[in-house]
Amino acid sequence: MARITAGLTTSHIPAVGAAIDLGRTGEPYWRPVFAGYEFSKRWIAGHMPDVVVLVYNDHASAFSLEMIPTFAIGCAESFAPADEGWGPRPVPVVRGHPELAWHIAQSTILDEFDMTIVNRMDVDHGLTVPLSLLFGQPAAWPCKVIPLAVNVVQYPPPTGNRCWNLGRAIRRAVESFDQDLDVMVWGTGGMSHQLQGPRAGLINREFDTRFLDGLTKDPEALARVPHVEYVREAGSEGIELVMWLIMRGALAPDAREVCRFYHVPASNTAVGHVILENPR
Amino acid sequence: MAGYNEAFRDIPGTTVFDATQSRLGYHLNQFCMSLMKAENRAAFKADERAYLETFPMTPEQRQAVLDRDYNRMIALGGNIYFLAKIGATDGFSFQNLASKMTGMPEDEYKAMMVAGGRPIRGNRSKSDKDS
């Protein structure tokens, strides 16, 4: 049977992708950001999953205001990098795992989560920047990726509790898949940041630290945090942190934090990154 | 659900992209979406007014785009992820857009971020400015 081996969270800042693509990672501004992922790159090389279920949000790339699915799972064979206004990122095409993706879709829908099934979808920086941070610049990504897009652009986004419970449903789905696969779940976005209006640039280190602590130790309490608290305390785009609860819900209650990195700033954002390992 | 939308209005300098904003800004945001295609970016750059006329936006929305007044575009229903495509078409970084919205020169905004960002204290609540 398939199993969830580990989960990780990371911010998915577009400027980080640009720094990688333009060969600027060694510059003094960027060096501390990328240094924070050195351990993780070694770690994942030694724990290579067969499949990553990558939870992210689309930033008006695949989904405009014409259709706004709350949860959308990519079931296609492949997903092309999106042109977000300056041409697609020069990164490999993302290879999906249609069989597992369809199984997760079926299992979670029967578990009463109304997933949107997507067979054609370009993937933007929300999905490709985390891959670049962990895998660098390979000719092909070293594992399959199932995109799971969450609406956090149009209000209301799903509640933290809904995300937490979806994570638990994904765990049940993966563990009932009849193939011998190592699966990771990644939650992306965050941490505190505000990209709009006169309050742009907001950072809240205390909120972020409490969130990182709670993610491992008391995720059920985090799942009760209302949207208004995210927006007030972590900035309008800090709402992306609800996606981290999908990752956490998919991991075991006693998952262990093996890596934590926090850095301010990358562009307009506080970078947060943790790795959680499931007990063997 | 009572009071859900109202609760956000106490947060200073922030517009939540709720149903009201989404209805107001539908065509403005769909115009932004069109800038994901290289040929549309070229058409927009060649004649901004004429290109904007092809979308059923309000005159105020068109003017805000021409003025590159991002706060005004947000007030008129624009969403920042959509509006960012105008900035990308202009060749500006997101940090440049952010500094424009805060009214700070870009180097000052950048220095604020390097120093740890805009502090939360004093920026939580319109009704309680000391929180």
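(A) Structural context of the overall build of chain B. Regarding its fold elements, chain B presents nine helices and zero strands. Ordered by position from the N terminus, the helices and strands of chain B form the series α-α-α-α-α-α-α-α-α. Projecting the C-alpha coordinates of chain B onto the three principal axes gives extents of approximately 50 × 40 × 20 Å. Looking at chain B residue by residue over its 131 residues, the buried ones come to 50%. In the structure as shown, chain B presents an accessible area of about 6500 Å², 53% of it carried by carbon and sulfur atoms.

(B) Just the domain arrangement of chain B, in detail. Residues and elements named next belong to chain B. One can read the domain layout of chain B as domain 1 (17-91) and domain 2 (93-124). A straight line from the C-alpha centre of domain 1 to that of domain 2 covers 23 Å. The interface is formed by seven residues belonging to domain 1 together with five residues belonging to domain 2. With both chains or domains summed, domain 1 and domain 2 bury close to 530 Å², and 78% of this area falls on carbon and sulfur atoms. Sorting the residues of domain 1 by area buried against domain 2 places Tyr70, Asn71 and Ile80 first, and these three jointly supply 62% of that buried surface. Our count for the domain 1 to domain 2 interface comes out at zero salt bridges. Listed by contribution, the elements that provide at least two residues to the side of domain 1 that touches domain 2 are α6 (70-75) and α7 (80-90). Classifying every residue of the side of domain 1 that touches domain 2 by side-chain character gives four nonpolar, three polar and no charged.

(C) View of the interface of chain B and chain A. On the side of chain A, 42 residues touch chain B, which itself brings 47 residues to the contact. Buried area between chain B and chain A, both sides added, is near 3800 Å², and the carbon and sulfur share of it is 59%. Connecting chain B to chain A are three salt bridges. Put simply, glutamate 233 of chain A and arginine 124 of chain B hold a salt bridge, and the shortest N to O gap is 2.7 Å. The interface formed by chain B and chain A contains 28 residue pairs in polar contact (both at pLDDT 80 or more). If you list the elements that add at least two residues to the side of chain B that touches chain A, you get α1 (4-7), α2 (19-34), α6, α7, α8 (94-102) and α9 (106-114) of chain B. Considering only residue class, the side of chain B that touches chain A consists of 26 nonpolar, 15 polar and six charged.

(D) Main features of the pattern of salt bridges. Residue and element names in this part refer to chain B. By the definition in use, this model includes 17 salt bridges over all chains. Taking the shortest distance from any N to any O, the salt bridge between arginine 9 and glutamate 6 comes out at 3.7 Å. With relative accessibility at 46%, the residue glutamate 6 sits in the partly exposed group. The salt bridge involving aspartate 90 is made with arginine 68; its shortest N-O contact spans 2.6 Å. Of this pair, aspartate 90 sits in helix α7 while arginine 68 sits in the loop between α5 (59-67) and α6, and the two are 22 residues apart along the sequence.

About the cut-offs
Residues numbered from 1 in each chain as written. Chains lettered and ligands numbered in written order. Predicted model: local features only at pLDDT ≥ 70, side-chain atom pairs only at ≥ 80, totals over all residues. Heavy atoms only, no water. Helix = DSSP H or I, 4+ residues; strand = E, 2+ residues; numbered from the N terminus. Buried < 20%, exposed > 50% of the residue type's maximum accessible area, 1.4 Å probe, protein only. Areas by Shrake-Rupley, 256 points an atom, 1.4 Å probe, with all protein chains shown as cover. Domains from an automatic or database assignment. Contact = heavy atoms within 4.5 Å. Buried area = accessible area lost by both parts, 1.4 Å probe. Salt bridge = Lys/Arg side-chain N within 4 Å of Asp/Glu carboxyl O. Nonpolar A, V, L, I, M, F, W, Y, C, P; charged D, E, K, R; others polar. Polar contact = N/O pair within 3.5 Å; in protein donor to acceptor, adjacent residues only side chain to side chain.

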